[in-house]
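# Coordinate inspection notes
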Amino acid sequence: MTRFSAEVEGITQRLRDGMARGVLAFPLTSFREDGGLDPESYRAYLTAQLATAPGAVFPACGTGEFGALDEDEYRAVVTATVEVTDGRLPVVAGIGYGWAQALRFARIAEEAGADAALVLPHYLVEAPQDGLVEQLHRIAAGTRLPLIAYQRGQVAFTAGSLRRIADIPTVIGLKDGHSDLDRLQRLTLAAPDGFLFFNGAATAEIQARAYGTVGVPAYSSAVHAFAPEIANAFFTALRDGDAVRVDTLLRDFYVPLVELRDRVPGYAVSLVKAAARLRGLPVGPVRAPLTDPGPDDLAQLTKVLDDGLNLVGAVRRPG
């Protein structure tokens, strides 16, 4: 017998099916050169993303610069995602800050037609376990959307707290960005049957094999935002147990990308957006406090991208 309502179970099963079928897409948010939101370019970009068969779409999350969006812009992004996706894939919108503000975003996402919400880490302060659990209780009490908790930064659940949040009828899963496999193994063992887990580490493919050993095979892919050919090739090789292919992609593309990413704070998003622009995708610049890469890093990114595309038989700008 399922612990979820029929509606929540239906969305959970759609996510479970999508996780098994492909990578989880976290689309970039398109801005104009003057910094304004560019909804039409976002729709064009998202249409191209959906053509590459992701398992689910997570708009206005970390890669989508959630923290840089006001409420009207957030509404426009989530609404466009729901309309372009047109029911083909689950849409999981990012929400965050304290529980009161998170609920404002959750209600916007509900009205826009999102299927679920990813609860991003709260703002600034550290909090005890009781507070982390209460935060999710408060959000769940104010929205009908199924919720996925995201532990990263100052948010880290114990096994006991995981059991408590899993008792909330609309909390369906946990995304992990800490990469502490000891803690994560304890969490997966403490979770009830049917609870979803996602690998949310930065450039998650680097650790995807390790996460799989503790029962977390599903992962988000920032690379999918600019090179779905590479992201899908890696997903297929990992799923099929092709260790040689996995190692080649890690060594010759993912590791050089991560080494470049680690040079400057915020490059986990800035490089992704720059790489998308290198491919002619209409995403525009990042918003402050992030910064776009300078000429030297952009040249290095171009080489890393070309090397990765060559590995999978693709080119930067198909003619």
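The structure this text deals with has already been given above.
The following refers to the structure shown. Since the model is a prediction, treat every value here as computed from it, not as a measurement. (Residues numbered from 1 in each chain as written. Predicted model: local features only at pLDDT ≥ 70, side-chain atom pairs only at ≥ 80, totals over all residues. Heavy atoms only, no water.)

Here the focus is the nonpolar core. Phe58, Tyr74, Ile95, Leu118, Val223 and Phe226 are the most contacted members of the largest nonpolar core, which has 111 residues in total. Beyond its immediate chain neighbours, meaning those up to four positions away, Phe226 contacts Phe253, Leu257, Val272, Ala275, Ala276, Arg279, Leu281 and Leu305. (Core = buried A, V, L, I, M, F, W, Y, C linked by side-chain atoms within 4.5 Å. Buried < 20%, exposed > 50% of the residue type's maximum accessible area, 1.4 Å probe, protein only. Contact = heavy atoms within 4.5 Å.)

Further remarks concern the sheet that holds strand E7 (residues 196-199). Pairing in this open sheet of five strands is parallel, and the strands run E3-E4-E5-E6-E7 from one edge to the other. Only two strands of the sheet have a single partner each, and these edge strands are strand E3 (92-95) and E7. Mean inter-strand twist for the sheet, computed between neighbouring axes without regard to direction, equals 25°. (Pairing = 2+ DSSP bridges. Helix = DSSP H or I, 4+ residues; strand = E, 2+ residues; numbered from the N terminus. Axes fitted to C-alpha atoms, helices over the stretch in contact; angles between N-to-C directions.)

Attention now goes to the environment of Arg144. The residue Arg144 is located in the loop between helix H5 (129-142) and strand E5 (147-151) in this model. It is 28 Å that separates the C-alpha atoms of Arg144 and Ala201, two residues lying 57 residues apart in sequence. Here Arg144 is in contact with Glu7, Glu110 and Thr170, once residues within four sequence places are set aside.

Let us now look at empty space enclosed by the protein. It is the rolling of a water-molecule-sized probe over the atoms that shows where space remains empty. Summed over all chains, the structure comprises one cavity of 30 Å³ or more. Size it by volume and the largest cavity reaches roughly 90 Å³. The wall of the largest cavity is formed by Val119, Leu120, Pro121, His122, Leu132, Gln135, Leu136, Ala149, Tyr150, Val155 and Phe157. Sorting the residues of the lining of the largest cavity by element identifies H5 and E5 as the ones contributing at least two each. Its residues placed into classes, the lining of the largest cavity shows nine nonpolar, two polar and no charged. (1 Å grid on protein atoms, 1.4 Å probe; cavity = no way out; pocket = protein on both sides within 12 Å on 5 of 7 lines; lining within 4 Å. Points joined across faces, edges and corners; volume = space filled by probe spheres on them. Nonpolar A, V, L, I, M, F, W, Y, C, P; charged D, E, K, R; others polar.)

The next subject is the packing of helix H10 (residues 243-261) against helix H11 (residues 267-278). Between H10 and H11, the shortest axis-to-axis distance is 9 Å and the interhelical angle comes to 120°. It follows from the interaxial angle that H10 and H11 lie oblique. Crossing geometry of H10 relative to H11 is assigned as right-handed. On H11, the residues that touch Leu257, Leu260 and Arg261 of H10 are Tyr267, Ala268 and Leu271. Residue classes in the contact of H10 with H11 are distributed as five nonpolar, no polar and one charged. (Parallel < 35°, antiparallel > 145°, perpendicular 65-115°, else oblique. Left-handed = near helix turned anticlockwise from the far one by under 90°.)

With that settled, consider the packing of aromatic side chains. Scanning the entire structure with this criterion turns up twelve aromatic pairs. Between Phe58 and Phe198 the ring centres are 6.4 Å apart and the planes differ by 75°, which places this aromatic pair in the edge-to-face class. Linking Phe58 in the loop between strand E2 (56-57) and helix H3 (71-85) with Phe198 in strand E7, this pair joins segments that are 140 residues apart in sequence. Taken together, the ring pairs connect Tyr219, Phe234, Phe235, Phe253 and Tyr254 into an aromatic cluster. Over the aromatic face of Tyr150 sits the side chain of Lys175, whose NZ or CZ is 4.4 Å from the ring centroid. (Phe/Tyr/Trp six-rings, centres within 6.5 Å; stacked < 30°, edge-to-face > 60°. Lys NZ or Arg CZ within 6 Å of the ring centre and 35° of its normal.)

Relative to the elements of secondary structure, Ala53 occurs in the loop between helix H2 (39-50) and E2. The class for Ala53 is partly exposed, based on a relative accessible area of 49%. Once the C-alpha coordinates of Ala53 and Leu89 are considered, the two residues, 36 residues apart in sequence, prove to be 9.3 Å apart.

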